[in-house]
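Secondary and tertiary structure notes
One-letter residues, chain by chain:
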Amino acid sequence: MKHLISALALAPMLLVGALAHAQAHNDKDTQEDIARHRAMAAAHEAAAKCLESGKSHDQCQKDLQAACRNLAIGKYCGMKHAH
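Residues numbered from 1 in each chain as written. Predicted model: local features only at pLDDT ≥ 70, side-chain atom pairs only at ≥ 80, totals over all residues. Heavy atoms only, no water.

Turning our attention to the overall build of the protein chain. Helices and strands together make up the secondary structure of the protein chain, namely two helices and zero strands. Across the 83 residues in the protein chain, those meeting the buried criterion constitute 13%. Only carbon and sulfur atoms are counted for the fraction: they give 62% of the accessible area of the protein chain, which is about 6,800 Å². (Helix = DSSP H or I, 4+ residues; strand = E, 2+ residues; numbered from the N terminus. Buried < 20%, exposed > 50% of the residue type's maximum accessible area, 1.4 Å probe, protein only. Areas by Shrake-Rupley, 256 points an atom, 1.4 Å probe, with all protein chains shown as cover.)

In structure tokens, the structure reads:
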């Protein structure tokens, strides 16, 4: 009975610790998502500037695909539109 009371007394502290760990993990994942989205946005901004500079669509697409490699799913950094 004494062990049961001790276990019940410790349960709230263990729960708080577990929740704090889960929140820290989620914050880290969120920060990684933010960084990934910013990198994708930078790649698309560079593609827009490439087109503005007068380079060909094919060259700018090639540059975008290189910038997106290992960054997002697909070769267009998660975005594709019709031309």
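Counted according to the given criterion, the structure contains one salt bridge. Close ionic contact of Asp33 with Arg36 constitutes a salt bridge, the shortest N to O distance being 2.5 Å. You can see Asp33 and its partner Arg36 sitting in helix α1 (residues 2-52), three residues apart, about one turn around the helix. Residue Asp33 is classed as partly exposed on the basis of its relative accessible area of 36%. (Salt bridge = Lys/Arg side-chain N within 4 Å of Asp/Glu carboxyl O.)

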